[in-house]
Amino acid sequence: MKIEVFIENEGGSNQKHCFNEQTLEYIKTVTISRPYPYPYGLIPGTISGDGDNLDCFVITSRSIKSRERVNVEPVGMMEQFEDGENDHKILAIFPEEEINITSEIQNSIADFVTHAFEHLRGKKIKVGKFYGKEEAEQLIEQSRRG
């Protein structure tokens, strides 16, 4: 399975760019408490448990700029619960980059999501389990808008 991801936020940056998820029109930029460990974006045409598009970390060392669209393969999924709602994350790679999702990668993503919004009082984020490619593809299919 190949998916297109619209990159909102660059890996290594603590700047969160906000976009209208339907039109992809830029809204604003805010500073968060931690830098993104990897490029991060959304999968157009999907809807997650929180009502927004399904989110995706692109596991790569490539520099990908905000607003770029990339074609990647889902290889995993991380359960995330934000303020009581499902906000699971897809983990994807470029097909030509053979990257295994190690515990180090999992820990860096889990650490990021649990601490990135520490500056927001009352925000509750919990990381659940990590799953593989099959579960990621199932979540994407279930999240596709009709």
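So what exactly am I meant to see when it comes to the pairing of strand β3 (residues 26-31) here?
Within a regular strand, the side chains alternate between the two sheet faces. Two elements, strand β2 (residues 15-19) and β3, share five bridges in a ladder whose sense is antiparallel. The partner of His17 across the bridge, within β3, is Thr29. In sequence, β2 turns back onto β3 through a hairpin of six residues, with Leu24 there showing a positive phi of about 65°.

Hey, could you run me through helix α2 (residues 133-143) in this one?
In an α-helix, one turn spans 3.6 residues; hence positions three or four apart end up facing the same way. For α2, the complete set of buried residues consists of Ala136, Leu139, Ile140 and Ser143. Projected onto a plane normal to the axis of α2, the buried residues spread over an arc of 100° and lie on a single side. Pointing more than 90 degrees away from the buried face of α2 are the exposed residues Glu134 and Gln142.

So what exactly am I meant to see when it comes to helix α1 (residues 103-115) here?
Taking 1.5 Å of rise per residue, the 13 residues of α1 would be expected to cover 18 Å, and the 18 Å separating its terminal C-alpha atoms lies within 8% of that figure. The elements touched by buried residues of α1 are β5 (54-58), β6 (69-82), β8 (89-93) and β9 (125-131).

For this particular structure, what's the right way to read the pattern of salt bridges?
One pass over the full model with this rule turns up eight salt bridges. When the shortest N-O distance is used, the salt bridge between Lys133 and Glu137 registers 3.9 Å. Of this pair, Lys133 and Glu137 both sit in helix α2, four residues apart, which is roughly one turn of the helix. In the salt-bridge network here, residues are joined through shared partners; they are Asp55, Asp87 and Lys89.

For this particular structure, what's the right way to read the nonpolar core?
As a rule of thumb, soluble globular proteins bury nonpolar side chains together. Val5, Val58 and Ile90 are the most contacted members of the largest nonpolar core, which has 17 residues in total. Looking at this core, the elements with two or more residues in it are β1 (3-9), β5, β6, β8 and α2. Once residues lying within four places of it in the same chain are set aside, the contact partners of Val5 are Gly41, Leu42, Ile43, Cys56, Val58, Glu68, Arg69, Val70 and Val72. Formed by 16 residues, the second largest nonpolar core is a distinct cluster that contains Phe57, Met78, Leu91 and Phe117.

What exactly am I supposed to notice about the packing of aromatic side chains here?
Centre distance and the angle of the planes are the two values used to describe a pair of aromatic rings. A complete count under the given rule lists six aromatic pairs for this structure. A centroid spacing of 4.7 Å and a plane angle of 40° characterise the contact between Tyr36 and Phe112, whose relative ring orientation is tilted. A residue pair is termed long-range when its members are at least 10 positions apart, and Tyr36 in the loop between β3 and β4 (40-43) and Phe112 in helix α1 qualify at 76 residues. Residues Tyr36 and Phe112 agree in their burial class; the two are buried. One aromatic cluster is present, built from ring pairs that chain together Tyr36, Tyr40, Phe57 and Phe112. A cation sits over an aromatic face here: Arg62 above Phe94, 3.7 Å from the ring centre.

Cut-off values and rules
- Residue positions within a chain follow its written sequence, with the count starting from 1.
- Totals for whole chains, interfaces and linings use every residue, but because this is a predicted model, local features are given only for residues with pLDDT of at least 70 and side-chain atom pairs only at 80 or more, for both listing and counting.
- Hydrogens and waters are ignored; side-chain quantities use all the structure's heavy atoms.
- Two strands pair if DSSP finds at least two bridges between them.
- In DSSP terms, a helix is any run of H or I states spanning at least four residues, a strand is any run of E spanning at least two, and both are numbered starting from the N terminus.
- Here's how the labels work: a residue is buried when its accessible area is under 20% of the maximum for its type, exposed when over 50%, partly exposed in between, all with a 1.4 Å probe on protein chains only.
- The directions from the helix axis to the C-beta atoms form the arc being described.
- One fewer than the residue count of a helix, multiplied by 1.5 Å, yields its expected span.
- By definition in these notes, contact holds between two residues if any of their heavy atoms fall within 4.5 Å.
- What makes a salt bridge here is a side-chain nitrogen of Lys or Arg within 4 Å of a carboxyl oxygen of Asp or Glu, nothing more.
- In this text, buried Ala, Val, Leu, Ile, Met, Phe, Trp, Tyr and Cys residues form a nonpolar core when linked through side-chain atoms within 4.5 Å.
- Two rings from Phe, Tyr or Trp (for Trp, the six-membered ring) form a pair when their centres sit within 6.5 Å of each other. Planes less than 30 degrees apart are called stacked, planes more than 60 degrees apart edge-to-face, and all others tilted.
- Note on geometry: a ring has a charge over it if NZ (lysine) or CZ (arginine) is within 6 Å of the ring centre and within 35 degrees of the ring normal.

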